[in-house]
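Observations on the three-dimensional arrangement
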Amino acid sequence: YEGSDPDGFLPRDQIVRYFEEYARRFDLPVGYGVRVSSVEREGEGYRLTTKQGEFRAANVVVAIGAFQNARIPAFAREIRTDVQQLSSDSYRNPGSLKPGAVLVVGSGQSGCQIAEELYLSGRKVYLSIGSVGRVPRRYRGKDITWWMAKYGQFDQPVDQLPSPKAKFAANPQVSGAGGGHALNLHQFAHDGVVLLGRVRGARGDEVVLAPDLKESLAKVDEFEAEALRRIDDSIAEAGLNPPRETLPALRDGYEADIILELDLQALGITNIVWAMGYGFDYTLVKLPIFDDDGYPRQARGVTAYPGLYFVGLAWMHTRKSGLLYGVGDDAQHLVSQIMARSPTNRR
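Since we're looking at a predicted model, the values are computed, not measured.

**Some words on the overall build of the protein chain**
- Tallying secondary structure elements over the protein chain gives seven helices and 17 strands in all.
- Against the globule reference of 20 Å for 347 residues, the protein chain gives a C-alpha radius of gyration of 23 Å, in line with a compact fold.
- Each principal axis of the C-alpha distribution contributes one length, and for the protein chain these read about 65 × 60 × 40 Å.
- Here the protein chain, with 347 residues, has 39% of them falling under the buried criterion.
- Across the protein chain, every contact between residues at least 6 apart in sequence was considered, and the portion connecting residues at least 24 apart equals 67%.
- Carbon together with sulfur atoms contributes 51% to the accessible area of the protein chain, which is approximately 19200 Å² in total.
- Averaged over its 41 positive side-chain charges, the protein chain has a centre that lies 5 Å from the centre of its 43 negative ones.

What follows is the structure in structure tokens.
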């Protein structure tokens with residue numbers, strides 16, 4: 001980054017421009033729009049089948065991320081057909097939806113950011129929440145990301161997670177829009193968003209909900225409290241003295257009625273945005289390297305097959321492995337692995 005605001009928030013177009021300029025600066029032979037359908041072992045190397053023919057390489061780095069398949073429940077097909085349904089990656093703006101109210105399902109970053117944009121635009125919003133945690137955008141004079149980096153939370157290794165499935169947990173509720181700001185479900189409720197428990201099923205005009213709204217809100221609140229305790233403890237251990245801060249103790253969500261059924265037609269809900277996260281799909285790699293979750297078996301991106309690597313996976317090595325902020329460390333490690341192989345294989 002060469003700009004004048006290292007603590008700022010780059011809009012989408014500037015991030016795209018950064019990558020385009022990066023490719024030009026280093027004269028990288030980037031092939032755009034070339035879909036790879038398979039990676040297969042061939043001799044001592046690999047054969048890649050693509051839309052533009054076959055390629056052969058001694059080394060292959062799979063860097064396709066972890067967000068291939070939007071999670072939409074099977075019962076979504078039972079909802080009446082005149083209700084517009086789309087996943088969060090298909091959502092663009094309030095104007096792209098049909099007139100009427102919106103049900104947003106999911107309270108991770110995408111779900112909360114979409115719900116906020118919709119209700120600020122004047123839409124009536126119903127938000128089905130889970131227990132994804134919340135953090136403040138800023139705390140004690142610094143951005144929350146600054147604190148996480150300062151005290152090593154992004155460097156937490158994957159082997160410290162409580163279970164292998166913990167690496168698939170959603171990122172906490174926060175937004176970078178408009179220069180960055182906090183997201184708070186209690187504020188949503190105060191502003192008129194109808195908070196709901198988890199969606200359990202649907203058919204026709206009826207959506208069935210779980211009675212777990214208050215329990216989910218309590219988990220969200222506790223996540224933030226624990227995150228702030230860790231920061232405060234780290235500050236005290238380091239002997240620093242930034243200004244103290246007490247965040248507003250919002251409680252509006254706990255006053256919400258528990259709703260167990262929604263009548264879409266009666267409530268004028270004409271749109272559903274599914275923001276329940278994404279599943280990954282690495283089946284283009286035609287080798288037996290995946291665990292029971294479909295996640296690649298690897299050690300910091302290095303698989304059991306010489307020359308086959310992964311990079312950019314969530315929690316591949318540390319918390320930051322799947323972030324722009326941290327992917328470079330793992331990439332450097334893989335480059336050293338590739339260069340350590342036979343000189344004839346360095347391509």
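So, next bit.
**Description of a nonpolar patch on the surface**
- Residues Tyr 18, Phe 19, Tyr 22, Phe 26, Leu 28, Val 30, Tyr 32 and Leu 324 make up a contiguous nonpolar surface patch of roughly 840 Å² in combined accessible area.
- With respect to the secondary-structure elements, Tyr 18 resides in helix α1 (residues 12-25).

**With respect to empty space enclosed by the protein**
- Applying the stated rule across the entire model yields one cavity of 30 Å³ or more.
- The computed volume of the largest cavity comes to approximately 30 Å³.
- Forming the boundary of the largest cavity are Leu 195, Leu 196, Gly 197, Ala 210, Pro 211, Leu 213, Asp 257, Ile 258 and Ile 259.
- For the lining of the largest cavity, the per-class residue count stands at seven nonpolar, one polar and one charged.

**Points about the packing of aromatic side chains**
- Going through the model one piece at a time under the given rule, you end up with 14 aromatic pairs.
- For the ring pair Phe 154 and Tyr 325, a centre distance of 5.2 Å and an interplane angle of 55° mean the geometry is tilted. Highlighted residues: Phe 154 in the loop between α3 (144-150) and α4 (185-190) and Tyr 325 in the loop between β17 (308-310) and α7 (327-339), separated in sequence by 171 residues.
- Taking relative accessible area as the criterion, Tyr 325 reaches 48% and is therefore assigned partly exposed.
- Here the aromatic cluster, defined as three or more aromatic residues joined through ring pairs, consists of Phe 168, Phe 280, Tyr 282, Tyr 295 and Phe 310.
- Lying across the ring of Tyr 126, Lys 124 places its NZ or CZ 6.0 Å from the centre.
- A cation over an aromatic ring shows up here: Lys 142 above the ring of Trp 146, its NZ or CZ 4.7 Å from the ring centre.

**Considerations on the pattern of salt bridges**
- Scanning the model with the defined rule gives 21 salt bridges in all.
- Here the salt bridges share partners, and the residues they tie into one network are Glu 40, Glu 42, Arg 47, Glu 54 and Arg 56.

**Section: the sheet that holds strand β13 (residues 206-209)**
- With respect to topology, three strands assemble into an open sheet ordered β12-β13-β14, the strand pairing being antiparallel. This sheet does not close on itself; its edge strands, each paired only once, are β12 (199-203) and β14 (261-263). Sheet twist, expressed as the average angle between the axes of neighbouring strands with direction ignored, equals 20°.
- In this sheet, β14 lies alongside β13 in antiparallel orientation, the contact comprising three bridges.

**Things to note about the layout of surface pockets**
- In this structure, the second largest pocket encloses a volume near 260 Å³.
- If you trace the second largest pocket, you find 17 residues lining it, with Arg 134, Glu 224, Leu 247, Pro 248 and Ala 249 closest to the centre.
- Element by element, the count of residues in the lining of the second largest pocket is highest for helix α5 (residues 213-238), at five residues.
- For the lining of the second largest pocket, the per-class residue count stands at seven nonpolar, three polar and seven charged.

**Digging into unusual backbone geometry**
- Its identity is not glycine, yet Asp 27 carries a phi of approximately 50°, on the positive side.
- Along the chain, Asp 27 falls in the loop between α1 and β1 (36-42).
- The exposed category is assigned to Asp 27, whose relative accessible area is 66%.
- A positive phi angle, close to 50°, is found at Arg 140, a residue other than glycine.
- For Arg 140, the location among the structural elements is in the loop between β9 (138-139) and β10 (142-143).
- For Arg 140, a relative accessible area of 4% gives the class buried.

**A word on the side chain of His 186**
- Within the secondary structure, His 186 sits in helix α4.
- For His 186, a relative accessible area of 1% gives the class buried.
- Among the polar contacts made by the side chain of His 186, one reaches the side chain of Asp 221 at a distance of 3.1 Å.
- Once you skip the residues sitting within four places of it in the chain, His 186 turns out to touch Arg 134, Leu 217, Asp 221, Leu 250, Arg 251, Asp 252, Gly 253 and Tyr 254.

**Digging into the sheet that holds β1**
- Sheet architecture is open: three strands sit in the order β1-β2-β3, paired in antiparallel fashion. In the strand order of this sheet, the two ends are held by β1 and β3 (53-57), each with one partner. With direction set aside, neighbouring strand axes in the sheet form an average angle of 20°.

How each quantity is defined
- Each chain carries its own residue numbering, running from 1 in the direction its sequence is written.
- Given that this is a predicted model, residues contribute local features only at a pLDDT of at least 70 and side-chain atom pairs are listed and counted only at 80 or more, while totals for whole chains, interfaces and linings are drawn from all residues.
- Think of the side-chain values as coming from all heavy atoms in the structure, minus any hydrogens and water.
- Starting at the N terminus, helices and strands are each numbered in turn, a helix being any DSSP run of H or I of at least four residues and a strand any DSSP run of E of at least two.
- Within these notes, the globule rule equals 2.2 Å times the number of residues to the 0.38 power, and the radius of gyration is based on C-alpha atoms.
- Partly exposed residues are those whose accessible area sits between 20% and 50% of the maximum for their type, while under 20% is buried and over 50% is exposed, using a 1.4 Å probe and protein chains only.
- Two residues form a contact once any of their heavy atoms are found within 4.5 Å.
- Shrake-Rupley sampling with a 1.4 Å probe provides the accessible areas, and residues are treated as covered by the protein chains on show and by no other component.
- Charge assignment in this entry is limited to Lys and Arg as positive and Asp and Glu as negative, and neither His nor the chain termini are counted.
- Taken as the charge location is NZ of Lys, CZ of Arg, CG of Asp or CD of Glu.
- In this scheme, patches are assembled from residues that exceed 30% relative accessible area and form no salt bridge. Like charges are connected within 9 Å, while nonpolar side chains (Val, Leu, Ile, Met, Phe, Trp, Tyr) are connected within 5 Å.
- One speaks of a salt bridge when a side-chain nitrogen belonging to Lys or Arg is within 4 Å of a carboxyl oxygen belonging to Asp or Glu.
- Here a cavity denotes a set of grid points, spaced 1 Å apart and computed over the protein atoms alone, in which a 1.4 Å probe fits but from which it cannot get out, and a pocket denotes an open set meeting protein on both sides within 12 Å along at least five of seven lines; residues with an atom within 4 Å of a point are reported as lining.
- Grid points are joined across faces, edges and corners, and a volume is the space filled by probe spheres set on the points.
- Here the nonpolar group is Ala, Val, Leu, Ile, Met, Phe, Trp, Tyr, Cys and Pro; Asp, Glu, Lys and Arg are the charged ones; every other residue, Gly included, is treated as polar.
- In summary, the pairing rule links any two rings of Phe, Tyr or Trp, Trp by its six-membered ring, whose centres are within 6.5 Å, and it sorts them by plane angle into stacked for under 30 degrees, edge-to-face for over 60 and tilted for everything else.
- Counting as a charge over the ring demands two things of the Lys NZ or Arg CZ atom: a distance within 6 Å of the ring centre and an angle within 35 degrees of the ring normal.
- If DSSP finds at least two bridges between two strands, the strands pair.
- Between N-to-C directions, angles cover 0 to 180 degrees, with each direction set by a line fitted to C-alpha atoms, over the stretch in contact for helices.
- Side-chain atoms alone can form a polar contact between residues adjacent in sequence; in general such a contact is a pair of N or O atoms within 3.5 Å, and within protein one must be able to donate a hydrogen while the other accepts it.

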